[in-house]
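Observations on the model geometry
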Amino acid sequence: MNDRLAGWWRALLPRACPGCGAQLGAEVGLCRACRAGLHAQVESHSLLRPRPQPHLVSLGRYRGVPRRAVRALKFGGARELAGVLGGALAAGVPPQWNVGAVVPVPLHPARQRQRGYNQAELLAREVARQLGVPCVEALRRTRATAQQARQHAAGRNEMAGAFAVRPGRLPLDPSCCSTT
């Protein structure tokens, strides 16, 4: 379906914004007000680093519009949200990071069959497109894990060892991927 025809369908069929419930009209993904409220920020604290160091871009705390939008993307089949959320994330990537590629986190094949797509891959592809870099499938899933949305922070240790690097897919410069 071409973009013009898709725009007509969006305008004719009433759809609620996953962020606030307002009618979307011809908008894609989120209404203008919810889009305007998405603010990417660089995070310094996470389990990925042993000490505080800017290394992660997020859309803030997992509540409100970002939470509802992510849930609609993951569980509601709203794939068009990947463009909106991915664009917002890409806008928050500092230019001095010199990102060379974006790597999506793979879903376990059973979960991907259940969902029909990998939301992390959709987001990664949009971030990569916005940054003008390749999206590289450099990870493979080695085993199934419990759904992370149902885990508390302490239970997320189960993710250790759930992924492996596909040889030859990542950049050769080890400083780009350091975790220290």
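All of the points below concern the structure found in this document. (Residues numbered from 1 in each chain as written. Predicted model: local features only at pLDDT ≥ 70, side-chain atom pairs only at ≥ 80, totals over all residues. Heavy atoms only, no water.)

1. Re the packing of helix H4 (residues 81-91) against helix H6 (residues 119-131)
As a reminder, the rule being used: Comment: axis = line fitted to C-alpha atoms, over the contacting stretch for helices; angle = value between 0 and 180 degrees taken between N-to-C directions. For helices the rule is a DSSP run of H or I covering at least 4 residues; for strands it is a run of E covering at least 2, with both sets numbered from the N terminus onward. Oblique is the label for every angle not falling under 35 degrees (roughly parallel), over 145 degrees (roughly antiparallel), or within 65 to 115 degrees (roughly perpendicular). Definitions for this section: a left-handed crossing has its near helix turned counterclockwise from the far helix by less than a right angle. A right-handed crossing has that turn clockwise. Pairs of residues are marked as contacts when any of their non-hydrogen atoms sit within 4.5 Å. In the scheme used here, Gly and all other residues not listed as nonpolar or charged are polar, with Ala, Val, Leu, Ile, Met, Phe, Trp, Tyr, Cys and Pro taken as nonpolar and Asp, Glu, Lys and Arg as charged.
H6 packs onto H4 with a crossing angle of 50° between their chain directions and a minimal axis gap of 8 Å. Between H4 and H6, the angle falls in the class oblique. Crossing hand, H4 versus H6: right-handed. Seen from H4, the contacting residues are Ala82, Gly83, Leu85, Gly86, Gly87, Leu89 and Ala90; seen from H6, they are Leu122, Leu123, Glu126, Val127, Gln130 and Leu131. Among the residues forming the contact of H4 with H6, the class breakdown is 8 nonpolar, 4 polar and 1 charged.

2. Here we look at the pattern of salt bridges
Note the threshold: Take a side-chain nitrogen of Lys or Arg and a carboxyl oxygen of Asp or Glu: if they are within 4 Å of each other, that pair is a salt bridge.
All chains considered together, the criterion is met by 5 salt bridges. The residue arginine 125 makes a salt bridge to glutamate 121 at a minimum N-O spacing of 3.1 Å. Taken together, the residues arginine 125 and glutamate 121, both in helix H6 and 4 residues apart, mark about one turn of the helix. Overlapping salt bridges bring together Glu27, Arg32 and Arg35 as one network.

3. Side note on the environment of glycine 21
Here is the rule we go by: For every residue, the accessible area obtained with a 1.4 Å probe (protein chains only) is divided by the maximum for its type, and the residue is called buried under 20%, exposed over 50%, and partly exposed between those limits.
Take glycine 21: it is sitting in the loop between helix H1 (3-12) and helix H2 (32-36). Assessed through its relative accessible area of 43%, glycine 21 is described here as partly exposed. In this structure the C-alpha to C-alpha distance between glycine 21 and cysteine 31, which are 10 residues apart in sequence, comes to 9.0 Å.

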